[in-house]
Amino acid sequence: MSRSTIIASFASSLLVASVAADPWPKRGLAANDDIPIYEFGGSWNGYSSEVNWQYNWDSTTSQKQTFAEYVPMLWGTSSDHTTQWFDNAWYWLDNGGSGHLLAFNEPEQSGQSNLTPQQAADAYITYMEPFAGHASLGAPAVSNDGYEWLSEFLQACSGCTIDFVPIHWYNDASLESDLENWVNSICSLTGRQVWLTEFQALGSIDEQSTFLRSAIPFLDDNDCVYRYAYFGTADNSEVLLENGGPSLSPLGVQYTFSAYGNGDGPN
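Residues numbered from 1 in each chain as written. Predicted model: local features only at pLDDT ≥ 70, side-chain atom pairs only at ≥ 80, totals over all residues. Heavy atoms only, no water.

Caption draft 1: Spotlight on the packing of aromatic side chains. For the structure on display, the rule yields 21 aromatic pairs. For the pair Phe-86 and Tyr-127, a centre-to-centre distance of 5.9 Å together with 35° between the ring planes defines the contact as tilted. Taken together, the residues Phe-86 in helix α2 (residues 79–95) and Tyr-127 in helix α3 (residues 117–127) connect sequence positions 41 residues apart. (Phe/Tyr/Trp six-rings, centres within 6.5 Å; stacked < 30°, edge-to-face > 60°. Helix = DSSP H or I, 4+ residues; strand = E, 2+ residues; numbered from the N terminus.)

Written out as structure tokens, the structure reads:
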């Protein structure tokens with residue numbers, strides 16, 4: 001499907017259907033602070049945004065959006081993250097309207113936060129557990145190579161307060177069913193709500209658009225999934241933006257303004 005076809009499909013949908021705004025949208029943005037995201041709020045041709053949360057792999061931000069909850073993250077256990085963690089997290093909980101906290105990023109991978117399950121459990125007790133009862137706390141976020149790591153972490157941290165489980169997924173755009181299987185497997189493993197805090201279909205823009213047409217309804221209609229963020233507003237992936245933004249690309253319009261439970265674009 002070409003770029004013009006995507007836009008035409010959106011426009012024709014507007015003529016034949018109306019949006020029923022859902023009270024609990026799940027869509028969010030994983031966005032570095034140098035990526036402009038303010039056009040993901042508001043409306044497009046009169047149709048309301050489904051984006052209501054944001055994070056940036058850090059514990060503070062310079063671009064908090066009025067339409068989105070900012071969710072601080074303790075990316076890893078190095079001092080550049082931990083020394084500012086408590087001050088930043090308490091600030092956003094007390095003054096910034098935040099109600100959730102995210103823990104370590106892809107600890108199963110050596111190129112990311114790189115922690116053993118036991119190291120992560122010990123760090124979770126030190127840095128996350130003090131916020132129990134003050135915020136909803138997320139487990140470390142593994143990618144779709146991290147099932148065994150997560151299982152071991154949950155055993156090592158069996159007495160921890162873990163309110164939800166963030167996960168990531170990257171695979172070929174033709175494998176939307178693999179996304180569904182991955183999400184459902186984590187729901188079954190943990191018995192907790194899942195946040196899909198990074199996911200992206202690997203392929204052309206047209207292939208990613210087709211993928212989202214199936215993925216969005218699955219995620220919106222799955223009661224185990226509380227929130228999700230497509231990977232398209234980061235320094236190394238800006239597919240939801242037109243030429244770096246701030247304008248949204250056709251894929252960004254599809255992601256942001258598709259009605260709850262429908263991935264076809266605004267309809």
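Additional details are given in the paragraphs that follow.
Caption draft 2: Inspection of the pattern of salt bridges at higher detail. Throughout the structure, instances matching the rule amount to three salt bridges. Between Arg-227 and Glu-69 there is a salt bridge whose closest N-O contact spans 2.8 Å. Of this pair, Arg-227 sits in strand β10 (residues 225–233) while Glu-69 sits in strand β5 (residues 69–70), and the two are 158 residues apart along the sequence. Neither residue differs from the other here; Arg-227 and Glu-69 are each classed as buried. Notably, a salt bridge pairs Asp-264 with Arg-213, separated by 3.5 Å at the nearest N-O pair. (Salt bridge = Lys/Arg side-chain N within 4 Å of Asp/Glu carboxyl O. Buried < 20%, exposed > 50% of the residue type's maximum accessible area, 1.4 Å probe, protein only.)

Caption draft 3: The pairing of strand β4 (residues 51–55), seen in detail. Most of β4 sits inside the fold, with four of its five residues counted as buried. Alignment of β4 against β5, held across two bridges, turns out to be parallel. For Gln-54, the partnering residue across the bridge sits in β5 and is Tyr-70. (Pairing = 2+ DSSP bridges.)

Caption draft 4: Focus on unusual backbone geometry. The step from Gly-245 to Pro-246 runs through a cis peptide bond, and the omega angle for that step is 10°. By secondary structure assignment, the location of Pro-246 is in the loop between β10 and α7 (250–257). Unusually for a residue other than glycine, Asn-114 sits at a positive phi of about 55°. Relative to the helices and strands, Asn-114 is located in the loop between β6 (100–101) and α3. Overall, Asn-114 belongs to the partly exposed group, its relative accessible area being 45%.

Caption draft 5: The UniProt feature "domain: Asl1-like glycosyl hydrolase catalytic" (unreviewed entry) in the protein, seen in detail. Within this structure's numbering, the places UniProt gives as "domain: Asl1-like glycosyl hydrolase catalytic" (unreviewed entry) are residues 43–255. Split by type, residues 43–255 is 36% helix and 20% strand. Its first and last C-alpha atoms lie 13 Å apart. (UniProt positions renumbered as here; feature names shortened; annotations may be inferred.)

Caption draft 6: Here's a closer look at α7. For α7, the buried fraction is high: eight of the eight residues fall into the buried class. Taken together, the buried positions of α7 are occupied by Pro-250, Leu-251, Gly-252, Val-253, Gln-254, Tyr-255, Thr-256 and Phe-257.

Caption draft 7: View of the environment of Ser-249. Turning to its location among the elements, Ser-249 is positioned in the loop between β10 and α7. For Ser-249, a relative accessible area of 6% puts it in the buried group. Note: C-alpha distance between Ser-249 and Val-51 (198 residues apart in sequence) is 15 Å. Ignoring sequence-local partners within four residues, the contact set of Ser-249 consists of Val-239, Leu-240, Leu-241 and Glu-242. (Contact = heavy atoms within 4.5 Å.)

Caption draft 8: Inspection of the state of the cysteines at higher detail. Taken as a whole and judged by the stated rule, the model has two disulfides. Put simply, Cys-157 and Cys-160 are joined by a disulfide, and their sulfur atoms are 1.8 Å apart. The chirality of the disulfide connecting Cys-157 with Cys-160 is left-handed, given an S-S dihedral of about -80°. Note on accessibility: Cys-157 and Cys-160 belong to one class, buried. One disulfide bridge connects Cys-187 with Cys-224, the sulfur atoms lying 2.0 Å from each other. Disulfide Cys-187-Cys-224: torsion about the S-S bond near -105°, hence left-handed. (Disulfide = S-S within 2.5 Å.)

Caption draft 9: Local environment of the packing of helix α6 (residues 205–221) against α7. Remark: α6 packs on α7, axes separated minimally by 10 Å, with the N-to-C direction vectors making an angle of 5°. Between α6 and α7, the angle is such that the two are roughly parallel. Of α7, the residues touching α6 (which contributes Ile-205, Gln-208, Ser-209, Leu-212, Arg-213 and Ile-216) are Leu-251, Gln-254 and Tyr-255. (Axes fitted to C-alpha atoms, helices over the stretch in contact; angles between N-to-C directions. Parallel < 35°, antiparallel > 145°, perpendicular 65-115°, else oblique.)

Caption draft 10: How the structure looks around the pairing of strand β9 (residues 193–202). Burial analysis of β9 places eight of its ten residues in the buried class, the great majority of the element. When strand β8 (residues 164–172) meets β9, the two strands line up parallel, connected through nine bridges. Of the residues in β9, the one forming a bridge with His-168 is Glu-198. For the segment spanning β8, helix α5 (residues 176–190) and β9, crossover handedness is right-handed. Pairing geometry for β9 and β10, over four bridges, is parallel. By the bridge assignment, Trp-195 is partnered in β10 with Arg-227. Handedness of the crossover is the feature at issue here: the chain leaves β9, passes through α6, returns alongside β10, and the resulting connection is right-handed. (Right-handed = clockwise from strand over helix to strand, strands pointing away.)

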